Amino acid sequence: MIPPPKLPEPPASPREDAMLEQAAQSLREHVDQRWVEISDRVLSRALRATRTSLAVQARAPSGPVHISEQVLITYIRDAISTVPDVKIQDVVITTEGLDTYAGLTITISARFGVPLLPIADAIRALANTRLSELLGPIAPPVTVTTVHVHVQDVFQDDRGD
Amino acid sequence: MHSGKGEDNPEPVSRVNDQDLARRAALGDRFAFAEIFHRHAAAMFRYAVHMLDGDVGQAEDAVQEALTQAWVHLPRFRGDSALQTWLFRITANCVLSARRRRRPIVGEDWVLTLPAGPDTDPVARAQHEELRVALEAALGELPWRQRASWLLRELEGLSYEEIADTLNTSPTVIRGQLHRARGTLAVRMAQWR
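All values derive from a computational prediction rather than experimental measurement.

Visitor: Is there a simple way to think about the interface of chain B and chain A in this case?
Guide: How big an interface is tends to be stated in terms of accessible area lost as the parts join. Taken together, the contacts link 48 residues of chain B with 44 residues of chain A. For the side of chain B that touches chain A, the secondary structure elements donating two or more residues are α1 (18–26), α2 (30–51), α3 (56–73), α6 (122–140), α7 (144–155) and α9 (171–188) of chain B. Counting residues per element, the side of chain B that touches chain A draws most heavily on α2(B), which supplies nine residues. Along the lines of polarity and charge, the residues of the side of chain B that touches chain A split into 24 nonpolar, eleven polar and 13 charged.

Visitor: What am I meant to see in the nonpolar core here?
Guide: Most often, soluble globular proteins keep nonpolar side chains buried together rather than apart. One finds A:Ala127, B:Met44, B:Phe45, B:Ala48, B:Val63 and B:Leu67 to be the most contacted residues of the largest nonpolar core, which totals 87 residues. The element contributing the most residues to this core is α2(B), with 14 residues.

Visitor: What is the right way to look at helix α2 (residues 69–80) of chain A in this model?
Guide: Helical periodicity: at 3.6 residues per turn, an α-helix aligns residues three or four positions apart in one direction. All names here are of chain A. The end-to-end C-alpha distance of α2 is 17 Å, a good match for the 16 Å that twelve residues give at a rise of 1.5 Å each. Taking burial as the measure, the twelve residues of α2 include nine buried ones, the bulk of the element. All of the buried residues in α2 are Glu69, Leu72, Ile73, Tyr75, Ile76, Arg77, Asp78, Ala79 and Ile80. In this fold, the buried residues of α2 make contact with β1 (55–60), β2 (63–68), β3 (86–96), β4 (100–111) and α3 (116–135).

Visitor: Got a minute to help me understand the sheet that holds strand β5 (residues 147–155) of chain A in this structure?
Guide: Think of a sheet as strands paired side by side through backbone hydrogen bonds, with each pair either parallel or antiparallel. Residues and elements named next belong to chain A. The three strands are arranged β3-β4-β5 in an open sheet whose pairing can be described as mixed. Of all strands in the sheet, those bounded by a partner on one side alone are β3 and β5. Neighbour-to-neighbour, the strand axes of this sheet turn through a mean angle of 15°, independent of strand direction. Bridge analysis of β3 against β4 gives ten bridges, and the strand direction is antiparallel.

Visitor: Explain the packing of α7(B) against α9(B) to me, please; I cannot follow it from the model alone.
Guide: Packed helices, taken two at a time, are described by the angle between their axes plus the distance between the axes. Residue and element names in this part refer to chain B. Relative to each other, α7 and α9 sit at 90°, their axes nearing to 8 Å. With respect to α9, the element α7 is oriented roughly perpendicular. Across the interface between the two elements, Arg145, Gln146, Arg147, Ser149, Trp150 and Arg153 from α7 touch Ile174, Gln177, Leu178, Arg180 and Ala181 from α9. Here the residues of the contact of α7 with α9 sort into four nonpolar, three polar and four charged.

Visitor: Any chance you could explain the environment of B:His38 here in plain terms?
Guide: Tracing the chain through its elements places B:His38 in helix α2. The sequence separation of B:His38 and B:Pro12 amounts to 26 residues, and the corresponding C-alpha distance is 14 Å.

Definitions and limits used
- Residues numbered from 1 in each chain as written.
- Chains lettered and ligands numbered in written order.
- Predicted model: local features only at pLDDT ≥ 70, side-chain atom pairs only at ≥ 80, totals over all residues.
- Contact = placed C-beta atoms within 7 Å.
- Helix = DSSP H or I, 4+ residues; strand = E, 2+ residues; numbered from the N terminus.
- Nonpolar A, V, L, I, M, F, W, Y, C, P; charged D, E, K, R; others polar.
- Core = buried A, V, L, I, M, F, W, Y, C linked by C-beta atoms within 7 Å.
- Buried ≥ 20, exposed ≤ 12 C-beta atoms within 10 Å, placed from the backbone.
- Expected span 1.5 Å × (residues − 1).
- Pairing = 2+ DSSP bridges.
- Axes fitted to C-alpha atoms, helices over the stretch in contact; angles between N-to-C directions.
- Parallel < 35°, antiparallel > 145°, perpendicular 65-115°, else oblique.

In structure tokens form, the structure reads like this:
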């Protein structure tokens, strides 16, 4: 079998080649100028997209309404993000039937060494307040089983890296 | 927007790592998504422009689609790969779709006529421009996987493993693709040495 013709050896890396590196840098800068012009528009359009979401039944003074699960999650996250020494990992709404609120699971990581029970209590209280505001008189009442706070991990440094 | 530095959260998003930003954005934090955008979207756009032969209009559409998908699907992101890799994977798919949709068109001048660079010396600027245009032309002749591999490696600094993850192949294949891409570019750009 005749071996394929050997290609001339290319440079080890274009990074080591000043000319190619200069051209690559020029390529980066050239496109970046255009990006500056359009980036705000691209971001705002992306954020206008809506995520698929369950509808959860709530009770307004005028009667029953439905609230997006995403709205509940966002407001609950906002509320519990004020608890120190905690990073929120996940918020999951549980429903019964088609749209009846049944409970909440909040998964967090906590700073190493901080007492976990007071943190869980604080999170549960804040979640209760937000749920009451958003859903009206909800059932079942908020308990350790209907609002479950799960500590998944611990972190030590400020950034949790 | 609902949260971020300005409201209750005491930690500025600029200090938060990518994985935590992704979790926050998945839970609806628009400030976190904006920070992800500022960190990674320019590179996504660069990739799209060069994969679409300098067509900035198509590249904008592809990146718009990629970022919209990223915002919508972030709740499904589990952190199995780096956030940057996940974003590039979405971008690569959107770019590929755009390439399949496009009609073959003759390159137009406006595609390459973007604002001049920061160089003040007209001669240096002209040389810079010629060099860039030559590299764009050489890149345009590469098969798409070689071009994608080269762009992700040399312009964006991704590792072989990250490029393989982005392009849904193996690091060994990427190594071969890069070798061939570098060989072709070395030949095509030889006159500039």
